[in-house]
Amino acid sequence: MKNLAERNSNIIYWASGIVSICGIIFEVLFGALGSYILGDGVKQYTLIISLFLTGMGIGASLSEKVMKHLIIAFVYVEFGVAVIGGFSSFTMFGITAFAPEGTDAFYLYLITLVIGALTGFELPILIRKANEIGVTLNKSTARVLFSDYAGGLIGGLLFVFLLRPQFGMVKSAFLVGCINVTVALVVLWLFRKEIKYFSVHVIVGTGIALLLVIGLFFGEELAFTFEQKLYKDPILHIEESSYQKIILTRDEEDVRLYLDGSLQLSSTDEHRYHEVLVHPAMSSVPEPKNVLILGGGDGVAAKEVLKYDTVENVTLVDLDPAVIDLANTNKYLLELNDGSLKNKKVHVKNKDAFQFLEKTESFYDVILVDLPDPNNESLNKLYTKEFYSLVRNHLSPEGTMMVQATSPVFATEVYWTISETISSTGLNTENLHIDVPSFGNWGFVMASRKEIDLGELKINVPTRYLKPELIPSLAVFGKDEDGKIEGENGKYLTLKPNTLIDPHLIQIYEKAWKNY
């Protein structure tokens, strides 16, 4: 009897550890789904963690209502986690594609609360079962909680380093659901002698397992058709890297690159964007030799830089190696970037731009900042006074930098806040904007220690759009985009630099783009 009690209690400890691994994976999976589909990763992870913990509290409270049949209660809780969690990502993409706006957020927060409640329901049940077997309360509580907390760490590591990069969000959910139902069936079998209607419970669990296995093998393909609804053009390539979701679409001659759902370029008009990003800055330096590109993993900015014969070295810093690999292997991107990233002058560094600037001792004649918009905390730090101060500190005395700074039409306050942030580092600035059909009116900030005279700039390399006499006109802004922003009292707003301590640009960005 003692050996049987010990065996059963060990089963409970192992079960608690495994289901805790599954619980934490679902928690971070929901955070990743929210970040990808709803945007603002910090906000989504904060809400998900809060709702999940609240759900755990609710579940723990409800568990006291279960007075008997503890194993059956645990088994059906696991069945519930397996079904709801397993189909969570698949359903989320379907709702995003077909349901009214806002439904996806409601669904995500609801399932987070439900899975949290079921997870919170599990642990007291297991503790009580261990105690019922004969383990003292202090030992059963300590050991089940140890298994739970240790499982939480393992689950987080598995999601970050294995599940998301190797399986993606849809397959990961189905796979973890399969683990939940497997744990339930194993526990059901091992405690079969004390369970009534054992065969019925096995049939229910087997049916759930079958559905999840079907989802594991075929769900991602169907979810792909859901995601296709979110994009105007057919998807050529879809990939979840360790950092983001990468999607390439093509319709006739228009190739588009999306990162986490945000358009990065369109082959029909990328030349307008990249020529303004690159050539005013390059032409402001007599003989640019050393160039730094922060972002620009598609290689198109590098292509424009390599048009200058004086260039000896181009350092391109992009966090995600998957973007670089796609730019070097996909035939459509290779046509756009002319194989620039394979040029012997180009040296790619897969590093965080902030950390790169903190550690490098190099100086650059031109620095091009071609980074995604500041729509979350990790990107916001690349739009702060501290970051632009680092950029300034790595400019040669006569050097120039150019920063993509969102739209002065759609996000007027965002654009001019970025400009004010760059100016606060002591650099002289010029504000430029250009119509890019696929993006709309888009803005750039040019900065240098020296005074900038746009009228003196000459472009001596081939271009499709930009010519010298056009450059001064890019600095002309209409009344509704010139930075004179009226507040509620009728007075013009005084814009503050965005800093690491006061990252207010994120809130301004969200407010500006919510209607577009």
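Quick caveat: nothing in here was measured; it's all calculated off a predicted structure.

**Student:** Could you give an account of the side chain of Ser266, with specific residues and numbers?
**Tutor:** Structurally, Ser266 is set in strand E4 (residues 262-266). Its relative accessible area of 1% is what places Ser266 among the buried residues. The residues contacting Ser266, other than those within four sequence positions of it, are Asp254, Val255, Arg256 and Ser438.

**Student:** Describe the packing of aromatic side chains, and please don't skip the residues or the numbers.
**Tutor:** Scanning the entire structure with this criterion turns up 17 aromatic pairs. Plain terms: the ring middles of Phe87 and Phe90 are 6.4 Å apart, the flat faces sit at 80° to each other, and that makes the pair edge-to-face. Judged by relative accessible area, Phe87 falls into the partly exposed class, the value being 24%. Owing to a relative accessible area of 16%, Phe90 belongs among the buried residues under this scheme. Ring centres 6.1 Å apart and planes at 50° place the aromatic pair Trp189 and Phe198 in the tilted group. In this structure Trp189 comes out as partly exposed when scored by relative accessible area, which is 47%. Linked through ring pairs, Tyr273, Phe410, Phe439, Trp442, Phe444, Tyr509 and Trp513 together constitute an aromatic cluster.

**Student:** Summarise the nonpolar core; cite the residues concerned and give the values.
**Tutor:** Counting residues in each nonpolar core, the largest one holds 141 residues, and the members touching the most others are Ile293, Leu294, Val305, Ile367, Phe387 and Met401. With 15 residues, helix H1 (residues 2-38) is the largest single contributor of residues to this core. Ignoring any residue separated from it by four or fewer positions in sequence, one finds Val305 in contact with Val278, Met282, Val291, Ile293, Val311, Val314 and Leu368. Counting residues in hydrophobic clusters, the runner-up holds 13 residues, among them Val255, Leu259, Val323 and Leu336.

**Student:** Describe the packing of helix H15 (residues 412-423) against helix H16 (residues 505-513), with residues and values.
**Tutor:** Between H15 and H16, the least distance of the axes is 8 Å, while the angle of their chain directions is 155°. Considering their axes alone, H15 and H16 lie roughly antiparallel with respect to each other. Contacts from Glu413, Val414, Thr417 and Ile418 of H15 reach H16 at Leu505, Ile508, Tyr509 and Ala512.

**Student:** Tell me about the sheet that holds strand E2 (residues 245-251), and name the residues and values.
**Tutor:** Two modes of strand pairing occur in sheets, parallel and antiparallel, and in both the strands are linked by backbone hydrogen bonds. Pairing in this open sheet of 4 strands is antiparallel, and the strands run E1-E2-E3-E4 from one edge to the other. Both edges of this open sheet fall to strand E1 (235-240) and E4, since each of them pairs with a single strand only. Between one strand and the next, the sheet's axes are offset by a mean angle of 15°, whatever the strand orientation. Strand direction decides the pairing type here: E2 and strand E3 (residues 254-259), joined by 6 bridges, are antiparallel. Of the residues in E3, the one forming a bridge with Ile247 is Tyr258.

**Student:** Describe the sheet that holds strand E8 (residues 364-370), listing the residues and the values that go with them.
**Tutor:** With mixed pairing, the 7 strands of this open sheet are ordered in space as E7-E6-E5-E8-E9-E11-E10. At either end of the open sheet lies a strand with only one pairing partner, and these are strand E7 (346-349) and strand E10 (428-436). On average, each strand axis in the sheet is tilted by 15° relative to the strand beside it, whichever way the strands run. Where strand E9 (residues 395-404) lies against strand E11 (residues 440-448), 5 bridges are found, and the strand directions are antiparallel. Pairing of Gln404 across the sheet is with Phe444, part of E11.

**Student:** Help me get a handle on unusual backbone geometry, residues and values and all.
**Tutor:** Positive phi, close to 55°, is recorded for Glu252, a residue that is not glycine. Following the sequence through the fold, Glu252 ends up in the loop between E2 and E3.

**Student:** Please give an account of the pairing of E3 that cites residues and values.
**Tutor:** If a strand is regular, its side chains alternate between the two faces of the sheet. In terms of burial, E3 is largely enclosed, as 6 of its 6 residues are buried. Alternating residues of E3 divide into Asp254, Arg256 and Tyr258 and Val255, Leu257 and Leu259, and every residue in both groups is buried. The hairpin turn running from E2 into E3, its antiparallel successor, is 2 residues long, and Glu252 in that turn takes a positive phi close to 55°. Between the end of E3 and the start of E4, which pair antiparallel, lie 2 residues, with Asp260 showing a positive phi angle near 50°.

Procedures and definitions
- Residues numbered from 1 in each chain as written.
- Predicted model: local features only at pLDDT ≥ 70, side-chain atom pairs only at ≥ 80, totals over all residues.
- Heavy atoms only, no water.
- Helix = DSSP H or I, 4+ residues; strand = E, 2+ residues; numbered from the N terminus.
- Buried < 20%, exposed > 50% of the residue type's maximum accessible area, 1.4 Å probe, protein only.
- Contact = heavy atoms within 4.5 Å.
- Phe/Tyr/Trp six-rings, centres within 6.5 Å; stacked < 30°, edge-to-face > 60°.
- Core = buried A, V, L, I, M, F, W, Y, C linked by side-chain atoms within 4.5 Å.
- Axes fitted to C-alpha atoms, helices over the stretch in contact; angles between N-to-C directions.
- Parallel < 35°, antiparallel > 145°, perpendicular 65-115°, else oblique.
- Pairing = 2+ DSSP bridges.

By themselves these figures say nothing about function.
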